[in-house]
Amino acid sequence: MSAFQIVFLLIALLTLFSALMVVFARKTIHSAFWLILALFGVAATFATLAASFFVVIQVAVYIGAIAILIIFTVMLTRRSMEESGDQLLPGWGWAALVVLIVFGGLVFMLLQWQGIFQPPQVLTAGGENLENLGMALVMPDRYVIPFEVASVLLVAAMIGAIYVAGDHKKRS
Amino acid sequence: MTNWLEDPIRWIAEWLYSVLVGWGILPSVADVILMITGAAILSTLALLWVLFLIWFERKLIGRIQDRFGPNRVGPWGIFQSVADMIKIFTKEYITPQGADKVLYNLAPVLAVASVLLIWAVLPFTRSIMGVNLNVGVVYIVAVGGGGVLAILMAGYASNNKYAFLGASRAVAQLISYEVPMVISLLVPVLLAGSMGLNDIVQAQSVPYLVMAPVAALVFFITSMAETGRAPFDLVEAESELVAGYNTEYSGLKFGMFFVGEFLHSFTAALLFAVLFLGGWRGPFVDQVPLLGLVYLFIKTMVIYFLIILVRASVPRFRIDQMMDLNWKVLTPLSILSFLVTAVIAKVLEGQFLFQVLGLLAGNVILLVLFMEWGERRNKRNRRPMVSQPRPLATPASDETSMAQS
Amino acid sequence: MIPLAWYLIFSAGLFSIGLLGVLVRKNAVSILMGVELMLNAVNINLLAFWRYLWAPEVDAQVFVAVVLIAAAAEAVVGLALIISAYRRRQTVVVDEMNLLKG
């Protein structure tokens with residue numbers, strides 16, 4: 001087992017542990033902070049895949065924006081967060097069973113497939129090619145339409161969120 | 001072996017490496033040891049440098065306000081911050097009751113770390129830098145998120161509503177000002193055709209301050225807001241809030257927030273120098289690469305001086321003014337400057353001199369038009385002034401309404 | 001070198017935990033966190049396949065970018081809905097949002 005593999009295993013275990021803590025933490029705010037650790041773990045996993053652009057994008061988007069948004073929401077809805085008692089729905093054991101079956105099924109299906117043991121492709125020096133990614137996103141015969149649709153989605157989400165979350169002063 | 005004059009850091013590193021391998025340490029382990037040593041030295045130097053920065057700022061602000069500033073400890077009071085440091089070391093650590101212990105103690109560490117991490121990608125000379133990351137600019141934005149997180153943690157974990165209010169204010173400000181900052185960061189990226197900071201420096205045969213002055217202006221203002229410096233220091237406005245998010249912190253933990261803030265504004269000046277003033281570029285830098293360090297230092301100190309001057313001379317914004325400035329002025333301005341830069345750089349591609357002049361002209365025209373538009377809008381929206389001072393003895397309401405009409 | 005299988009099993013685990021979070025948590029914000037975990041697992045999968053099967057080509061990375069954008073949009077709208085619901089009903093517990101129940 002090489003050092004690289006040990007590093008990967010540590011990252012994976014840390015990520016899975018913090019993901020479990022996201023689910024089982026008593027306070028919602030704690031699960032939000034555990035979520036940040038899990039997202040860091042995912043970013044580190046991206047780093048082992050030599051995708052440095054997505055490492056920084058993961059940190060910038062998820063931790064810099066989404067996680068902070070989530071923490072803010074948790075804090076704004078604090079009154080019901082502080083309720084004592086169980087944070088899990090009754091009968092969560094059944095859900096855990098279902099999830100275990102899903103996980104088992106996924107792993108079983110993966111192991112059936114032969115391509116799972118193949119070595120990685122050879123990358124040229126410098127890792128991923130950012131310029132190619134940028135070109136692929138704007139070339140008319142490649143991915144410009146998905147890209148534009150995604151941009152429109154983002155703008156629509158932004159406007160919708162401002163409208164939905166905005167206080168319309170109806171109650172006073 | 002490389003020549004020690006050309007690249008002293010690598011020279012020392014190679015020497016250390018040979019020593020370590022000579023001791024029978026595995027080459028890969030020796031690499032890791034060298035990396036950790038380099039990071040430790042760089043961050044220690046950065047943190048010690050803050051001592052000088054604090055003294056410099058206090059002295060300068062003192063002079064601006066017609067005081068002496070610190071002048072007791074050492075010549076010109078230069079050891080004042082050392083004394084302060086020792087004082088802060090010996091203070092009691094208080095953890096407030098009901099605080100979230102882990103997050104409470106993690107927040108100051110994260111606050112300093114998020115600033116120090118930026119130093120990993122800064123090119124100090126042509127070859128002295130932590131990493132030449134090909135996504136350096138996005139990395140800076142990503143690391144900035146850590147600072148926001150630290151403030152949020154501090155505000156939440158200290159279990160104090162003033163700290164929490166301060167943190168909410170701070171995060172609102174930081175997240176809002178990230179938008180124009182990122183867009184203005186894109187302009188050097190566009191001109192250099194790379195996101196690596198060293199590539200950006202290498203592409204600046206003409207400093208981008210000349211080619212993209214509007215983006216430089218927006219970056220200057222927003223980085224001041226990001227660091228929570230004076231006109232934007234509503235985060236810890238001493239006269240309005242108790243002390244913002246670090247109300248409950250004492251001793252060294254408070255000191256870390258404080259150091260992080262000072263280091264952040266110096267780092268912002270450093271980034272400005274790298275992105276818009278040509279970093280280590282200067283005369284004779286090709287012959288003696290170490291001169292780059294001196295040039296970068298001079299440029300940075302000029303910018304830092306400017307930041308302090310702004311701090312000393314501009315009054316604090318109100319929170320609505322701050323948001324107005326961001327969303328109604330800086331964000332549209334940065335988007336427009338990005339568009340103008342992109343169009344002009346593409347149209348005049350190939351003829352370098354015309355490109356520079358065209359970009360300069362385009363930016364100046366953009367700035368003039370934008371300011372003219374803002375002036376008109378302001379004139380339209382300005383509340384009518386009360387022209388005559390109210391006589392003391394007469395009933396107030398009639399007089400003011402008459403004066404206003 | 002790390003086998004591809006490790007990445008896939010890791011991401012399957014992360015996906016399952018995210019699913020568990022969606023299924024068992026009471027708090028609507030926690031449910032969104034579970035969705036974020038699932039989307040991250042998807043991204044790990046996509047990038048692992050990119051690295052092991054497609055490497056110099058960038059097509060898989062385009063998918064990752066689109067997933068990131070979708071995740072951001074989803075988080076923004078979801079959290080806005082939660083805040084709006086909280087304003088009206090003073091709760092973020094999904095069991096108590098039962099106006100449509102007959």
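Residues numbered from 1 in each chain as written. Chains lettered and ligands numbered in written order. Predicted model: local features only at pLDDT ≥ 70, side-chain atom pairs only at ≥ 80, totals over all residues. Heavy atoms only, no water.

### A closer look at the interface of chain B and chain A
Stage number 1. The interface of chain B with chain A comprises 18 residues on the first partner and 20 residues on the second.
Stage number 2. Both faces considered, chain B and chain A share a buried interface measuring about 1,700 Å² in area, 79% of it formed by carbon and sulfur atoms.
Stage number 3. Contact with chain A buries surface across chain B, with B:L149, B:L152 and B:Y156 losing the most and accounting together for 32% of the total.
Stage number 4. Our count for the chain B to chain A interface comes out at 0 salt bridges.
Stage number 5. One can count 1 residue pair in polar contact (both at pLDDT 80 or more) joining chain B with chain A.
Stage number 6. Of all the elements in the fold, those that place two or more residues in the side of chain B that touches chain A are α5 (136-157) and α6 (161-192) of chain B.
Stage number 7. If you tally residues by element for the side of chain B that touches chain A, the top one is α5(B), at 9 residues.
Stage number 8. When the residues that make up the side of chain B that touches chain A are grouped by side-chain class, the tally is 14 nonpolar, 3 polar and 1 charged. (Contact = heavy atoms within 4.5 Å. Buried area = accessible area lost by both parts, 1.4 Å probe. Salt bridge = Lys/Arg side-chain N within 4 Å of Asp/Glu carboxyl O. Polar contact = N/O pair within 3.5 Å; in protein donor to acceptor, adjacent residues only side chain to side chain. Helix = DSSP H or I, 4+ residues; strand = E, 2+ residues; numbered from the N terminus. Nonpolar A, V, L, I, M, F, W, Y, C, P; charged D, E, K, R; others polar.)

### As for the domain arrangement of chain A
Stage number 1. Assigned domains within chain A: domain 1 (1-82) and domain 2 (129-167).
Stage number 2. The gap between the C-alpha centroids of domain 1 of chain A and domain 2 of chain A is 24 Å. (Domains from an automatic or database assignment.)

### Digging into the packing of α5(B) against α6(B)
Residue and element names in this part refer to chain B.
Stage number 1. One can describe the packing of α5 onto α6 by two numbers: an axis separation of 9 Å at closest approach and a directional angle of 175°. When the axis of α5 is compared with that of α6, the two are roughly antiparallel. Mapping the contact onto sequence places V137, V141, G144, V148, I151, L152 and G155 in α5 and A163, F164, A167, A170, V171, L174, I175, E178, V182, L185 and V189 in α6.
Stage number 2. Class assignment for the residues of the contact of α5 with α6 results in 15 nonpolar, 2 polar and 1 charged. (Axes fitted to C-alpha atoms, helices over the stretch in contact; angles between N-to-C directions. Parallel < 35°, antiparallel > 145°, perpendicular 65-115°, else oblique.)

### Observations regarding the packing of aromatic side chains
Stage number 1. Counted under the stated rule, the structure contains 29 aromatic pairs over all chains.
Stage number 2. Ring geometry for A:F53 versus A:F54: centroids 5.4 Å apart, planes at 70°, classification edge-to-face.
Stage number 3. Looking at A:F54, the relative accessible area reads 1%, which means it is buried.
Stage number 4. Taken together, a centroid distance of 5.8 Å and an interplanar angle of 45° make the contact between B:W119 and B:F124 tilted. Note on accessibility: B:W119 and B:F124 belong to one class, buried.
Stage number 5. What links up through ring pairs into an aromatic cluster is the set B:W49, B:F52, B:W55, B:F56, B:W119, B:F124, B:F266, B:F297, B:Y304 and B:F305. (Phe/Tyr/Trp six-rings, centres within 6.5 Å; stacked < 30°, edge-to-face > 60°. Buried < 20%, exposed > 50% of the residue type's maximum accessible area, 1.4 Å probe, protein only.)

### A short note on the arrangement of the chains
Stage number 1. Contacts between protein chains span 2 pairs of chains, and they are most numerous for chains A and C.
Stage number 2. The smallest C-alpha distance separating chain B from chain C is 14 Å, and no contact links them.

### Focus: the side chain of C:D59
Stage number 1. Turning to its location among the elements, C:D59 is positioned in helix α3 (residues 59-89).
Stage number 2. On the basis of relative accessible area, C:D59 is assigned to the buried category, the value being 18%.
Stage number 3. At a separation of 2.9 Å, a polar atom in the side chain of C:D59 contacts the side chain of A:Y143.
Stage number 4. Apart from residues no more than four positions distant in its own chain, C:D59 is found in contact with A:R142 and A:Y143.

### Structural notes on helix α2 (residues 28-54) of chain C
An α-helical turn contains 3.6 residues, so any two residues separated by three or four positions project in the same direction.
Residue and element names in this part refer to chain C.
Stage number 1. The end-to-end C-alpha separation of α2 is 38 Å, in line with the 39 Å expected for 27 residues at 1.5 Å each.
Stage number 2. Counting buried residues in α2 gives 19 out of 27 residues, a clear majority hidden from the surface.
Stage number 3. With a side-chain oxygen lying 3.0 Å from the backbone nitrogen of V29, the N-terminal cap of α2 falls on N27. (Expected span 1.5 Å × (residues − 1).)

### Observations regarding the interface of chain A and chain C
Stage number 1. With 85 residues of chain A at the contact, the number on the chain C side is 73 residues.
Stage number 2. Here chain A meets chain C over a buried area of about 7,300 Å², counting both sides, of which 76% is carbon and sulfur.
Stage number 3. Where chain A touches chain C, the interface holds 1 salt bridge.
Stage number 4. One salt bridge in this structure joins A:R142 and C:D59, with 3.2 Å as the shortest N-O distance.
Stage number 5. Put simply, chain A and chain C have 9 residue pairs in polar contact (both at pLDDT 80 or more) between them.

### Considerations on helix α6 (residues 130-138) of chain A
Stage number 1. Among the residues of α6(A), A:L130, A:L133, A:A136 and A:L137 are the ones counted as buried. The arc enclosing the buried residues of α6(A), seen along the axis, measures out at 125°, which places them on a common side. (Arc of directions from axis to C-beta.)

### Section: unusual backbone geometry
Stage number 1. You will see that A:A50, though not glycine, has its phi angle at about 60°, which is positive.
Stage number 2. Counting through the fold element by element, A:A50 comes out in the loop between α2 (28-48) and α3 (52-76).
Stage number 3. Since its relative accessible area comes to 29%, A:A50 is described here as partly exposed.
Stage number 4. Phi at B:W76 is positive, roughly 55°, even though this residue is not glycine.
Stage number 5. Within the element layout of this structure, B:W76 appears in the loop between α2 (27-64) and α3 (80-89).

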